[in-house]
Amino acid sequence: MHPHRSRTRPALLAGALALATVAAVGLGFARPGPADAATTLKALADAKGRDIGVAIDPNRLNESAYRQIADAEFNLVVAENAMKWDATEPNRGQFTFTQGDAVASYAAAGGKRLYGHTLVWHSQLPGWVSGLSATELRQAMLDHIAGVAGHYRGKVAAWDVVNEAFADGGSGGRRDSIFQQRLGDGWIEEAFRAARAADPAAKLCINDYSTDGVNAKSTAIYNLVRDFKARGVPIDCVGFQAHLIVGQVPGDLQSNLQRFADLGVDVRITELDIRMPTPPSAANLATQAADYRKVVSACLAVTRCAGVTTWGITDRYSWIPDVFPGQGAALIWDENYAPKPAYQAVVEALGGTVTPTPTTPTPTTPPPGDGCTVTYVPNSWNTGFTAEVRVRNDGASAINGWTVGFTFGAGQRITNAWNATVTQSGTQVSARNASWNGSVPAGGTLSFGFQGTHGGSNPAPTGFTLNGSACRTG
Ligand code: XIL
C-alpha cells in the first residue's frame, strides 16, 4: 500500500518502461513509520476523511510505476472504461465482467473504495442498443442497470447512474441522446429507481462536465436534483467531472458545489484533469499547480464534498491528447511518472507541507575540457521530497553512457526515480543512464529525478561525480 514499502520489494520496480529501479543494497530497510506514511495523498486524504480517487485501466496495473502510485497515493479507484456499457454488455443479455472485476478486486485487495462508472451514458454504447424501439430500449436500460449494478452489489461505494444527460450551451435542456429521444424526460428517474433496486447500499450519482461553475447546464441538474429530492426519487450525489483548461477553474466552483450540497446530496469531483498546450511550459505547469490546489481546496471547503478523483495517473496514458489534439499534460504525474508541481500543490491543499524550493544560482560556464557541473533542485515536504539532478558535460567530447554518484548526509532514502536506474547503498547513491538518455554531447546536460524520504532535514547531497570524476556544483 505504501510506496516506501517498495524498498523491500525491489523486483517490483523492474518496470516495462525501464524506469528507475531502487535496490535495497547493504542496509536493510525498516517499514515506514506513520510520519513517513503522511507523505502520500492517500494518507493526507484519509486523515481528512475524504476520497482521493483515480481512474485506472486494470491492464496497466502490471506496470511497476503505475502500480506503485495507484497503491500508495489513492484511497478510491474507478474504472476508466471497464464498467461502461460496451465493456460490460457487448451483446444483449451477455455480461462480461472480467475487466471490471479486475478493478473491483484491486480495490478490495488494497482496501480502497470502489466508484462505479457508469450505468447509462450515450457514449461507449454497444452497437446493438441503437437498433432498439422505445419499449425495447427501456427494458434494455433496466436490464443493463440490474445486471451491472446487481453484479457489483455491495462492492461499490457510489455509482454514476446517469452520465452527461444534459445539453451544452445555454439551453438548460437535456442532451438529445438516444435515451432522451426514445424514452422522454422520465428516463433519468427510471434509471435511478432501477439502480436503487439493484444495489440499495450504493450512493447514486448524476455526473456531467462543464457543470463545475454556476451556469445553465449546472442549474438544469440542480433543478433535477431538487425535484428528485422533493418527490422522493432516489439520488444521493452529484459528480462534477472537472475536465478543465489551465487557468480556467471557475471562480464559483466552491459555491456551486455548496448549492448542490445544500439540497441534501453529496458532491464530488469525479474526473479531474487540467489540460494545456503540449509540450507544457513551466508557466503553465505552475498555473496548473495553482488550479489543482483551487479544486482540491474548494472540495475540502464543502463538508458534503466526498472527495476528488483524477482521470488517470500519468500524462503518458491520459485520454486528453486523443480527444483534444495538441493538448495534454493534464494530470499530476508526467509522462515519466515524475510528480509535477501540481502533485506538490495537491499535497499542500490536503494539509501536507512543502518547503519552498531553494533558488539555484546560475552556474558560470567553465572552460571546455573541464569536468562536469551539477545543479540539484530539491522540493521537500514533511518527511518526503523529490529532486531533479542536472549534470552538464563540461568536457570537450561526448559521453556515451553515464553514472552519476553522490552522497546523502542526513539519512535520506530514495524510493523511486525516473530517467535513470538508481541504486542506493547506505548513504551512497549511484544513478545510471536509462536506455534512451546515455549520450550527452560536449556542453550538453543530462537529467534525472527521484522521490525519497528524509528525517525532517534534507540538505543537498555532496560529492557528485560523473563517470568517476568529481563535478563542481553550479
Ligand atoms: C474516456 C476515457 O478516458 C477514454 O479512455 C475513452 O476512450 C473515452 O472515455 N467523460 C467521462 C469518461 O465520463 O468516461 C470519459 O472517459 C471522459 C469524459
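Refer to the preceding data block for the structure.
Residues numbered from 1 in each chain as written. Predicted model: local features only at pLDDT ≥ 70, side-chain atom pairs only at ≥ 80, totals over all residues. Heavy atoms only, no water.

Colleague: What's the story with the nonpolar core in this structure? I'm lost.
Modeller: The nonpolar side chains of soluble globular proteins are, as a tendency, buried together. By size, the foremost hydrophobic cluster in this structure holds 102 residues, and its most contacted members are Val120, Trp159, Val162, Ile188, Ile206 and Val225. Beyond its immediate sequence surroundings of up to four residues, valine 225 is in contact with Ile206, Ile235, Val238, Phe260, Leu263 and Val265. Ranked by size, the runner-up nonpolar core spans 25 residues in total, among them Val389, Ile399, Phe406 and Val440. (Core = buried A, V, L, I, M, F, W, Y, C linked by side-chain atoms within 4.5 Å. Buried < 20%, exposed > 50% of the residue type's maximum accessible area, 1.4 Å probe, protein only. Contact = heavy atoms within 4.5 Å.)

Colleague: How do you make sense of helix α13 (residues 341-349) when you look at a structure like this?
Modeller: For the α-helix, the turn length of 3.6 residues means that residues three or four positions removed from each other point alike. Within α13, seven of the nine residues are buried, which leaves the element mostly enclosed by the surrounding structure. Along α13, the residues that are buried comprise Ala342, Tyr343, Gln344, Ala345, Val346, Val347 and Ala349. Looking at the buried residues of α13, the elements they touch are α2 (41-48), α3 (64-73), α11 (282-300), β12 (372-381), β13 (384-393) and β20 (445-453). Positive backbone phi, approximately 100°, marks glycine 351, located one or two places after α13. (Helix = DSSP H or I, 4+ residues; strand = E, 2+ residues; numbered from the N terminus.)

Colleague: Help me understand the pairing of strand β3 (residues 76-79) in this model?
Modeller: Along any regular strand, the residues point their side chains to alternate faces of the sheet. Neither face of β3 is exposed, since Leu76 and Val78 on one face and Val77 and Ala79 on the opposite face are all buried. Here four bridges tie strand β2 (residues 51-56) to β3, and the two strands are oriented parallel to one another. What sits directly across from glycine 53, in β3, is leucine 76. Read as a crossover between parallel neighbours, the route from β2 over α3 to β3 is right-handed. Relative to strand β4 (residues 113-121), β3 is paired through three bridges, and the arrangement is parallel. Counted as the bridge partner of leucine 76 is arginine 113 from β4. (Pairing = 2+ DSSP bridges. Right-handed = clockwise from strand over helix to strand, strands pointing away.)

Colleague: What's the story with the side chain of arginine 50 in this structure? I'm lost.
Modeller: Summarising the element assignment, arginine 50 is placed in the loop between α2 and β2. Here arginine 50 is buried and forms no salt bridge, its nearest opposite-charge partner aspartate 51 lying at an N-O distance of 8.9 Å. A polar side-chain atom of arginine 50 sits 3.1 Å from the main-chain carbonyl oxygen of cysteine 299. At 2.9 Å, the side chain of arginine 50 forms a polar contact with the backbone oxygen of valine 302. For arginine 50, the residues in contact, after removing those within four places along its chain, are Ala45, Asn75, Arg113, Cys299, Leu300, Val302, Thr303, Cys305, Ala306 and Gly307. (Lys, Arg positive; Asp, Glu negative; His and termini not counted. Salt bridge = Lys/Arg side-chain N within 4 Å of Asp/Glu carboxyl O. Polar contact = N/O pair within 3.5 Å; in protein donor to acceptor, adjacent residues only side chain to side chain.)

Colleague: Looking at this model, I keep getting lost on the site of the ligand. Mind explaining?
Modeller: As a matter of local geometry, the ligand sits amid 13 residues, with Glu80, Lys84, His117, Glu271 and Trp311 nearest to it. In this structure, glutamate 80 approaches the ligand through a side-chain N or O atom, which is 2.4 Å from an oxygen atom. Side-chain polar atom of glutamine 124 to an oxygen atom of the ligand: 3.2 Å apart, as the coordinates give it. When the ligand is considered free in solution it has 410 Å² of accessible area, and contact with the protein chains removes 79% of it. Taken atom by atom, the bulk of the ligand overlaps the second largest pocket. Class assignment of the residues belonging to the shell around the ligand gives a composition of three nonpolar, six polar and four charged. (Near = heavy atom within 4 Å. Areas by Shrake-Rupley, 256 points an atom, 1.4 Å probe, with all protein chains shown as cover. 1 Å grid on protein atoms, 1.4 Å probe; cavity = no way out; pocket = protein on both sides within 12 Å on 5 of 7 lines; lining within 4 Å. Sits in = over half its atoms within 2 Å of the grid points. Nonpolar A, V, L, I, M, F, W, Y, C, P; charged D, E, K, R; others polar.)

Colleague: How should the state of the cysteines be read in this particular structure?
Modeller: Here, the word disulfide means a covalent bond between the sulfur atoms of two cysteines. Counted under the stated rule, the structure contains three disulfides. The disulfide partner of cysteine 205 is cysteine 237, and the gap between their sulfur atoms is 1.9 Å. Where cysteine 205 bonds to cysteine 237 through sulfur, the torsion about that S-S bond is close to -80°, and the disulfide is left-handed. Taken as a pair, cysteine 205 in strand β6 (residues 203-208) and cysteine 237 in strand β7 (residues 237-240) lie far apart in primary sequence, 32 residues in all. With relative accessibility at 2%, the residue cysteine 237 sits in the buried group. The disulfide bridge from cysteine 299 ends at cysteine 305, spanning 2.0 Å between sulfur atoms. As the torsion about the S-S bond is roughly -100°, the cysteine 299-cysteine 305 disulfide counts as left-handed. Residue cysteine 299 shares its accessibility class with cysteine 305, and that shared class is buried. Should the bonded cysteines of the protein be numbered as they appear in the sequence, the pairing reads 1-2, 3-4, 5-6. (Disulfide = S-S within 2.5 Å.)

Colleague: So what exactly am I meant to see when it comes to the sheet that holds strand β23 (residues 472-473) here?
Modeller: Strand pairing in a sheet is mediated by backbone hydrogen bonds. Such pairs are either parallel or antiparallel. What the five strands build is an open sheet, ordered β16-β20-β13-β12-β23; its pairing is mixed. Strands at the two margins of the open sheet, each flanked by one partner only, are β16 (413-418) and β23. Here β12 runs beside β13; their pairing, made up of ten bridges, is antiparallel. By the bridge assignment for β13, serine 380 is matched with phenylalanine 385. Running at roughly 25° to β12, α13 makes contact with β12, β13 and β20 of the sheet. (Axes fitted to C-alpha atoms, helices over the stretch in contact; angles between N-to-C directions.)

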